[in-house]
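# Chains, contacts and geometry: an overview
Here is how the chains run, residue by residue.
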Amino acid sequence: MKKSLMKAVTIVLMTALLFTMLIGCGVKDTPKTETSTPKTETTADVTVSKEPVVLKMIEHSNQATNDAIKALNEKFSKKYPNITVESTVVEGGQYVQLMQTRLAAGDVDILEVSTFAIAIPDWAKGQDKNFNAQFIENGDILDITNEPFIKNWDPVAIKNACTYNGKVYGLNIGKVAYNGIFYNKTIFEQNGLKVPETWGEFINVCKSLQSKSIVPMTAGGKDVWPIAMMWSGFVNAFEPDPNAFAKGLWTGERKFNDPKTLIMFDRMAEFASYFEEGVTSVDYASVIGRFVAGKAAMMPDGTWDASQITTADPNFKFGYFAIPGDAKGAQPPQLAGKYDISYGGYAKSPNKTAILQWLDFFSQKENYSDFINAIGFIPTMTGIDIKNDFIKSLDPINQNFQTNFELIIKNPKGVGKYAGFQIDQLKVLGGSIATPKELADLAQKDWDAALALVK
Amino acid sequence: MMLTKTSWNKRIIILCMLPAILFYLLLGIIPSFLTFIFSFTNISGILNVSWKFIGLANYKEFLLLQNYRDTINTIERTIIFAFAVTLIQNILALLVALLLNNNMLKGRNFSRAVVFLPSVLGVTVTCYVWTLFFTLDGPASTFLQWFGLHSSFFGSQTAAFPLVIFVQIWMSLGYAMVIYLAGLQGIPTEIYESGIIDGTTPSQAFRMITLPMLWPTITVNVLMSVIGSLSVVQTIVLITGGANNTDTLAMRIYNSAFGVGKQIQQISGSTLRQGYAAAQSMVLFVIILIFTIAAQYLMSRRDKQI
């Protein structure tokens, strides 16, 4: 009797333990959702939820945008006290993973989507479908084509940045350029320097600075991409038709080592020689601090840095110019860049009404105006009252905004590390390749090898 | 039917082991088996997206369609990383353990805690500390400048990889040392005392007593280091993101599967390709298996000789 009782107790205990452990593993936070018959109210434009809701938002790390979103969310919760927005911010390189896991768990409501660069041209063979396209095709991203707030936005931006297969999936936060260079106005003024409009003038500015023991440029070289991305700006500056150039590389009409392209390699090598010593050990996170502290007169980067520069030192005077080409044109060298991220909703979220309320709130001119003035991007809504001096200053070089070449070119699958314009591979930037010609030959060799396999 | 005490005890043992076995099956064996299956599919990792079997296409892409030179370089780097970490970490850990096992040493416990501290700090803190240490205006750079020297450290295509290896060793030295310490303390002092009576020198005592008695511990540590270092990802992600010639095979797998890293498009063409990542994982598994078997064979052969 005693033994059988012990057996029974042991079995019950073990079973209970096992179940507890297994159940413990499967427990997840139940999202606060609206009830199956949500209390809603319809105003002129949008259906309003009255139930308490927590909207979960995910963002990649960009201090200015994160701060502006925080302010926007606070304002939104004041207007709709029943809705709170909880935001999770991760480093850019980890955003895709976060998006994937949150969507898989159904643990997100508002997220960053990007539809502007997912079209694959006919001439680029064997390309994998972009992950954003996969999420959209899987029905994960909310279709907002027929929402009334869409009409508040610039139709061109909606078409080019937020539309996929004829449907709208997001609201684009603004355009950014990254074919240019920030410059310290005080240093330029003190040394009698003018904003360069040709390549020759740019080199003269660098030489003049060097002759006065002023470091011409700094960049976040440790992270590689802040310098590497500048090649794209060179193509925009020196190639009259970047689309034809990208296609030509695939068809064989153009080569990385043909005489016209070699000019760009030479220019890039020259450009690389004016960075501060040890630039490849400068962390991207610290480069704005170095620029504001006057450790270099110029800093090539995207316009997205503008508000962080102002935050670092509100009295710091700076401007931005595009990498110039050889000849002076009727207009100063123009900006090239991209539409930045768009905000969209999770299509299978139970909080759809609240998501649409948030998107509607973001689409209101006064709210977007505050947001865009805070982040310093080029607006994607017309008729915005621009108070941000930096955005105003971009006007003369924003008359003919082009798509950055980086978004036009498509690398063949499996392409080697030298293909493209890998200026970080040059010895002057700590790489192993001595001359631009040598790098161009290697680029073409890697490109040809990958093309042969794709075809 | 009455159960005997022995058979009852066996059942209790099995019952007690059952949760652990279930967890091992659920979290170890089944995912590994599924990874093998998924390596023959085009699964993306996006929930509910349809996928299909594509035969050996993922293996063909990795072994034949990627740039041959870059693939070989990555595999070479993976092996160099594992070899350097295993060798240096174990030699240093053994030396430190021998030193800190000495009863004569003052502040022994404090020293042990200091050596073990990096293991407690965790990968993120450790990587952040070393990134700051090796930045342009950091202490390392200032030190080199005193001698008129300069390095870009983690930003250098030649220095970044050895420095990542250094950080990995610094971080995991403590664990290896603790295991060696445990092994050293398991050696009966009587054997050393007998040796002293027989006139052994300290170096003879190390070769003839310590090393043979410690061999099983060395085997465990070496195998753990080989397996661990071949699949290291976090250190590389946090310090360089795979840039500056620091990407290993495990890093590439992460790139393909989750889009983590700084050269995502360049390396894998696109992200969220978990079928392709699974195929690369299988290649890494084969490499780990070969090295583990080779290490185990060499260690056991040496064990028999001893």
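Note that the structure is predicted; figures quoted are calculated from it, not measured. (Residues numbered from 1 in each chain as written. Chains lettered and ligands numbered in written order. Predicted model: local features only at pLDDT ≥ 70, side-chain atom pairs only at ≥ 80, totals over all residues. Heavy atoms only, no water.)

## Details of the interface of chain A and chain B
For clarity, the cut-off: In what follows, residue pairs with any heavy atoms lying within 4.5 Å of each other are defined as contacts. Reported buried area values correspond to the accessible surface (1.4 Å probe) lost by two parts on association, with both partners' losses combined. Every case where a carboxyl oxygen of Asp or Glu lies within 4 Å of a side-chain nitrogen of Lys or Arg is listed as a salt bridge. Under the rule applied, a polar contact is a pair of N or O atoms within 3.5 Å (in protein, one hydrogen donor and one hydrogen acceptor; residues adjacent in sequence only if both atoms are side-chain atoms). A run of H or I in DSSP becomes a helix once it reaches four residues, and a run of E becomes a strand once it reaches two; helices and strands are each numbered from the N terminus.
Each partner contributes residues to the interface: chain A has 50 residues there, and chain B has 50 residues. If you sort the residues of chain A by the area they bury against chain B, A:Gln100, A:Lys222 and A:Ser281 come out on top, with a joint share of 13%. Summed over the shared surface of chain A and chain B, the number is 4 salt bridges. Of the charged contacts in the structure, one is a salt bridge between B:Glu61 and A:Lys413, with a shortest N-O distance of 3.5 Å. Linking chain A with chain B are 10 residue pairs in polar contact (both at pLDDT 80 or more). Secondary-structure elements contributing two or more residues to the side of chain A that touches chain B are α1 (2-26), α3 (95-105), α4 (131-137) and α18 (436-454) of chain A. Looking at the side of chain A that touches chain B element by element, the count peaks at 8 residues for α1(A).

## Observations concerning the pattern of salt bridges
Residue and element names in this part refer to chain A. Going by this rule: Accessible area is worked out with a 1.4 Å probe on protein chains only. A residue is then buried under 20% of its type maximum, exposed over 50%, and partly exposed in between.
Taken as a whole and judged by the stated rule, the model has 20 salt bridges over all chains. For glutamate 201, the salt bridge goes to lysine 328, with nearest N and O atoms at 3.4 Å. With glutamate 201 in helix α7 (residues 199-211) and lysine 328 in the loop between β12 (318-322) and β13 (336-339), the pair connects residues that are 127 residues apart, well separated along the chain. Judged by relative accessible area, glutamate 201 falls into the partly exposed class, the value being 28%. Classification of lysine 328 by relative accessible area gives exposed; the value is 53%. Ionic pairing is found between aspartate 441 and lysine 437, a salt bridge with its closest N-O pair at 2.9 Å.

## Quick notes on the domain arrangement of chain A
Residue and element names in this part refer to chain A. In plain terms, the rule: Throughout the structure description, domain borders are defined by an automatic or database domain assignment.
By domain assignment, chain A separates into domain 1 (2-176 + 339-398) and domain 2 (180-334 + 411-454). Counting residues at the interface gives 19 residues for domain 1 and 20 residues for domain 2. Of the roughly 1,600 Å² buried between domain 1 and domain 2 on both sides combined, carbon and sulfur atoms contribute 64%. Considering only the side of domain 1, the residues that lose the most area to domain 2 are Trp123, Phe390 and Ile397, jointly responsible for 42% of the buried surface there. The interface formed by domain 1 and domain 2 includes 0 salt bridges.

## Some details on helix α5 (residues 155-162) of chain A
Residues and elements named next belong to chain A. Using the following cut-off: Directions drawn from the helix axis to the C-beta atoms are what define this arc.
Ala157, Ile158, Ala161 and Cys162 are the residues of α5 that are buried. In a view along the axis of α5, the buried residues occupy a sector of 100 degrees, so they form one face of it. Exposed and facing more than 90 degrees away from the buried side of α5 are Pro155 and Lys159. Of the surrounding elements, those touching the buried residues of α5 are β6 (163-164), β7 (167-168), β8 (171-172), β13 and β14 (342-345). For α5, the N-terminal cap is aspartate 154; the gap from its side-chain oxygen to the backbone nitrogen of valine 156 is 3.1 Å.

## Some remarks on the nonpolar core
Counted only if it meets this: Residues grouped as a nonpolar core are buried Ala, Val, Leu, Ile, Met, Phe, Trp, Tyr and Cys residues, joined through side-chain atoms within 4.5 Å.
In terms of nonpolar packing, the biggest core is built from 124 residues, with A:Leu55, A:Phe202, A:Met298, A:Tyr343, A:Trp358 and A:Phe362 touching the most fellow members. Each of two domains, domain 1 (2-176 + 339-398) and domain 2 (180-334 + 411-454) of chain A, supplies a minimum of three residues to this core. If near-sequence neighbours (up to four positions away) are discounted, A:Leu55 is found in contact with A:Phe76, A:Ile83, A:Thr84, A:Val85, A:Glu86, A:Asp109, A:Ile110, A:Asn351, A:Ala354, A:Ile355 and A:Trp358. The next biggest cluster of nonpolar side chains, apart from the first, holds 56 residues, and it includes B:Phe153, B:Ile165, B:Ala250 and B:Tyr276.

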